[in-house]
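Here are the chains, one letter per residue:
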Amino acid sequence: MKAYLETKEDVLAHTGSSPEGLSQKEASDRLAKNGKNKLQEAQKDTLLQRFLHQLKDPMLIILMAAALVSGVTSVISGEGLTDVIIILAVVLLNAILGVYQENKAEQAIEALQTMSAAVCMVMREGHVSQIHAEDLVVGDIVLLEAGSEVPADCRIIESASLQIEEAALTGESVPVNKDAAAMKLSDTAKDVPLGDRKNMCYMGSTVVYGRGEAVVTATGMDTEMGKIAHAITQTVEGQTPLQIKLSQLSRILTWIVLGICLFIFVFSLVRVGDFSLDAILRTFMIAVSLAVAAIPEGLATVVTIVLSVGVTNMSRRNAIIRRLTAVETLGSTQIICSDKTGTLTQNKMTVVEERTEDKLLLARAMALASDAEWEDGEAVGEPTENALITYAATLGLPKSELNETHERVGEAPFDSIRKLMSTLIKDETGSLRQYTKGAPDELLRQCAKTWDGKAIQPLTDAKRAEILAQNTEMASRALRVLGAAFRDWDNMPKDQQPETLEQDLVFIGLVGMVDPVRPEVIPAMAECRQAGIRPIMITGDHKDTAVAIAKQLEMIKTAEEAITGSQLDEISDEELKKTITNYSVYARVQPEHKVRIVTAWQDHNQVTAMTGDGVNDAPSIKKADIGVGMGITGTDVTKNVADMVLADDNFATIVSAVSEGRRIYDNIRKAIQFLLSSNLSEVLSIFIATMVGFIILEPVHLLWINVITDTFPALALGFEAPDLDIMTRAPRDKNEGIFAGGLGFNVLYQGVMVAALTLLAYYIGHFMESGEWSFVPLAQGISKDGVTMAFLTMSLAEVFHSLNMRSTTRSIFTLKTHNKSLYIGMAVSTILTAAVIYVPFLREAFKFKMISLQEFGISLLLALCVIPIVEVVKIIQRKVGKTH
């Protein structure tokens, strides 16, 4: 049953209730049958499940397998477990960081529960009693008054000037007038939007004015709030672009590692022709060396820490990140679906225009005909009246001072039928004046005169038409218009009924109010468009208001680019997918509409963000590629499902977050290129040495380079300043591969470059040690000078190569910024590399030889070659336009 379309008598009959309420026995029976009036909790993964989920990455599985093989061979051969410990430490650190970040991801349902009213007043068996809200059942009669929260979905059966704040559910910033009359559908409408159901009130909303009685029609998960809770639990969270790309990389590396290891293992055994246990173990170690060389052990940790650095930077800019990968996702965002109320606007009604001959009289009338008060420099009351008394205060008439000289001695409260409110005010001289405010068309019907700023004049038909025209013009610009009038009395009227007071009034003027746009949003919108991001407005407010705000923000040019929730109901998902690009404004929408809109954009392969603050935003925020919640006005529900929370509720903060996200992604690509080229150089060096028949580096050497030498510079790349064009280029394509934009080619040639320099260093070292030059040096043996120089050259080459990575396109000699973190990281890596060679116990552990200064100098010069080589390639790439 759609209770809002039925009479209150039919609703009472349908729910088996009456104005006296249910009996205690009937209420108990219904509670036992239908359950508590509370929201169900979503199932959560245990800590162990979350930890194990982190270990599903194929790259980490290969690492653990390598650790197992290395451990077995180390035990059999009697060597230490250094390799195993380092590998497992890397895997463990990555898993712990992942669990820590995801641990707070599922708190939305608890937040919804805390929003529900704890206790409520009900009528049972003709008596008023207070009960826990969770004990409410369908058919209970709930008593509502100003300040109380609505404990369940209810059909109003009695009301007196009842106004309810539903912004969290509908997005409307203005409280809604409620009454008990049944609603009727228009000839074309199939249903009444939630925000227009004047005879209903919903769980999670708040009574701000008046009083009423309502019969409960739905409890728990059957309420509108419950539907949102269900939508939150049902919405599937997909992987972010970075997660997808790293998963692709993991799969690629997994097959590469398995293929190369299998080939080398079989080739080595067949070539040597020795199938003894010692030969098998030795071949296993070569395979392990290749596995360690091929897998960038530090990549997962570097990416996580670089993202964490981004999180810290963004928190300083009032953007709080709840999931690390949200940093990168925001940087690739192509669509931002933003709620209007409180996000693009201030969620604070403000008088922006008046039409009168006497501003001070108009302001005094508006303030004295309002119940809101002025306390400690702020308006306290209902939003519309807050705007009116703030307006008066700006003109030097704070209501706190007006109250000292003006006493309210009578009133006719506002009601939604006559749309007027009147107060009788006695000033310090004893004069009695009535002030009336309300809807201009209704007010004019009760006016016979007008105030011209100096004297009372007759209200002619021409003047009346002029005022109505002003009202129409202001309303067409989505202003909420109110009028004010006065009437002087010689004596206190005995009858203070509205029909007695509200006649023969003197019209003063009109005020226009609006929930104003945040001033910083206009330039933020312009920067979004410059960055290739399309802003979309999704709101529960009226279409005219939404269109006016959107035009002010230059989001649309005509009203044809806006669509309502009712119109969306007439469109299938397939049709919406086809026409989604035609609209930038969606008005009078409900939660399920928002999810459909986000989904339709995602079906166009657009990385979509959704911002908002109300409960109604939660499902779409969770569905979006990145959800952005508001930290000040946002509900706990929204903040708990969001990937990012704006601590200052400032839309402009999103722009700085986009810039930071792009910078972080660029720097992650630099780190990936740096680490993968290093790994490729190791693979090529091991592969060629194995094919030729000598050992160039041991697994522990490769681990040292991967985890120690490479990691510090790679982390420091995360602090690199953004490129100059970072906010003028279009967002990345969602389907862009991780090796796009020339990264694959750069990894390839840079890996070959370092491998060649490393092999050359080995041959030079072998020659300086033995005095012999041979293509197959010490077949099946080890040249300690060669191994040490190869290790030193590869390590230092990586250190110097990190300088090249400061920019993938520009010469490092033209960069005007400095990366002090990188300089420190390079120094630390160089010192640790030298320590492994020149500190005795480390040298023994790594089986190195103390090489001469001449050999050290040769290795240093070979390593420095990476800078001019890469500079030359960059020049060629810039000229042929192969950079992204």
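Look a little higher up for the structure.
Computed from a prediction, not measured in an experiment: that's the story for all the values here.

Draft legend 1. Quick look at the overall build of the protein. When helices and strands are tallied, the protein shows 35 helices and 25 strands. For the protein, the residues scored as buried account for 55% of the 884 residues in total. A total of about 36,700 Å² of accessible surface is found on the protein, and carbon and sulfur atoms cover 57% of it.

Draft legend 2. Highlighting the nonpolar core. Grouped together as the largest cluster of nonpolar side chains are 120 residues, with contacts concentrated most on M644, F651 and I696. With 15 residues, helix α27 (residues 651–692) is the single largest residue contributor to this core. Here F651 is in contact with I336, S338, T343, L344, V521, A524, M525 and C528, once residues within four sequence places are set aside. Counting 31 residues, the second-largest nonpolar core is a separate cluster that includes V174, A365, A367 and A372.

Draft legend 3. How the structure looks around the sheet that holds strand β23 (residues 608–612). Strands sit in the order β8-β25-β24-β23-β9-β20-β22-β21 across an open sheet of 8 strands; the sheet is mixed. Two strands in the sheet have a free side with no partner beyond their single neighbour: β8 (319–321) and β21 (562–564). Sheet twist, expressed as the average angle between the axes of neighbouring strands with direction ignored, equals 20°. Note: β21 against strand β22 (residues 585–587), 3 bridges, orientation parallel. Note that in β22 the partner of I563 across the bridge is Y586. Packing of helix α21 (residues 543–552) onto the sheet brings it into contact with β20 (534–538), β21 and β22, and relative to β22 it is tilted by some 155°. Sitting on the sheet, helix α24 (residues 591–603) touches β9 (335–339), β20, β22 and β23, and the angle it makes with β23 is about 155°.

Draft legend 4. A look at a nonpolar patch on the surface. Together, I252, I256 and F739 make up an exposed nonpolar region whose accessible area comes to about 230 Å². Among the secondary structure elements, F739 is positioned in the loop between α29 (711–717) and α30 (743–770).

Draft legend 5. Geometry of unusual backbone geometry. Look at E125: it is not a glycine, yet its phi comes out positive at around 55°. You can see E125 is positioned in the loop between β1 (119–124) and β2 (127–132). With phi around 60°, K847 is a residue other than glycine that occupies positive phi space. Mapped onto the fold, K847 is located in the loop between α33 (840–846) and α34 (853–864). In this structure K847 comes out as partly exposed when scored by relative accessible area, which is 45%.

Draft legend 6. Layout of α24. Helix length check: α24, at 13 residues, gives a terminal C-alpha distance of 19 Å against a target of 18 Å (1.5 Å per residue), a fit within 8%. Directly after α24, the chain includes N605, whose backbone phi takes a positive value near 60°.

Draft legend 7. Quick look at the side chain of Q163. Tracing the backbone shows Q163 in strand β4 (residues 153–165). Classification of Q163 by relative accessible area gives buried; the value is 10%. Here the side chain of Q163 touches N177 through a polar contact of 3.2 Å, side chain to side chain. When sequence neighbours within four positions are dropped, the list of residues in contact with Q163 reads P175, V176, N177, T206, V207, V208, Y209, E382 and F414.

Draft legend 8. Structural context of the pattern of salt bridges. For the structure shown, the criterion picks out 37 salt bridges. The salt bridge partner of E570 is K190, with a shortest N-O separation of 3.9 Å. Of this pair, E570 sits in the loop between α22 (565–569) and α23 (573–579) while K190 sits in the loop between β5 (176–177) and β6 (200–201), placing them 380 residues apart in sequence. The exposure class of E570 is partly exposed, given its relative accessible area of 47%. Accessibility expressed as a relative area gives 63% for K190, which makes it exposed. Of the charged contacts, one joins R355 and E353 as a salt bridge, the two residues approaching to 2.7 Å between their closest N and O atoms. Classification of R355 by relative accessible area gives partly exposed; the value is 27%. According to the relative accessible area criterion, E353 is buried, its value standing at 17%. It is possible to trace a salt-bridge network through shared partners that takes in E353, R355, E473 and R477.

Draft legend 9. Structural context of the packing of helix α31 (residues 784–804) against helix α32 (residues 820–838). Direction vectors running N to C along α31 and α32 enclose 175°, while the axes themselves pass 10 Å from each other. In terms of orientation, α31 lies roughly antiparallel with respect to α32. When α31 is examined against α32, the residues T788, F791, L792, S795, L796, V799, F800, S802 and L803 are found in contact with a partner set consisting of L822, Y823, M826, S829, T830, T833, V836 and I837. Classifying every residue of the contact of α31 with α32 gives 11 nonpolar, 6 polar and no charged.

Draft legend 10. Quick peek at the pairing of β23. With 5 of its 5 residues buried, β23 lies for the most part within the structure. Burial of β23 is two-sided: the residues T608, M610 and G612 facing one way and the residues A609 and T611 facing the other way are all buried. In the sheet, β23 pairs with strand β24 (residues 626–630) via 4 bridges, with the strands oriented parallel. The residue bridging A609 from the neighbouring strand is I626, located in β24.

Reading the values: the criteria
- Residues numbered from 1 in each chain as written.
- Predicted model: local features only at pLDDT ≥ 70, side-chain atom pairs only at ≥ 80, totals over all residues.
- Heavy atoms only, no water.
- Helix = DSSP H or I, 4+ residues; strand = E, 2+ residues; numbered from the N terminus.
- Buried < 20%, exposed > 50% of the residue type's maximum accessible area, 1.4 Å probe, protein only.
- Areas by Shrake-Rupley, 256 points an atom, 1.4 Å probe, with all protein chains shown as cover.
- Core = buried A, V, L, I, M, F, W, Y, C linked by side-chain atoms within 4.5 Å.
- Contact = heavy atoms within 4.5 Å.
- Pairing = 2+ DSSP bridges.
- Axes fitted to C-alpha atoms, helices over the stretch in contact; angles between N-to-C directions.
- Patch = residues over 30% accessible without salt bridge, like charges linked within 9 Å, V, L, I, M, F, W, Y side chains within 5 Å.
- Salt bridge = Lys/Arg side-chain N within 4 Å of Asp/Glu carboxyl O.
- Expected span 1.5 Å × (residues − 1).
- Polar contact = N/O pair within 3.5 Å; in protein donor to acceptor, adjacent residues only side chain to side chain.
- Parallel < 35°, antiparallel > 145°, perpendicular 65-115°, else oblique.
- Nonpolar A, V, L, I, M, F, W, Y, C, P; charged D, E, K, R; others polar.

Read these as spatial facts, not as claims about activity.
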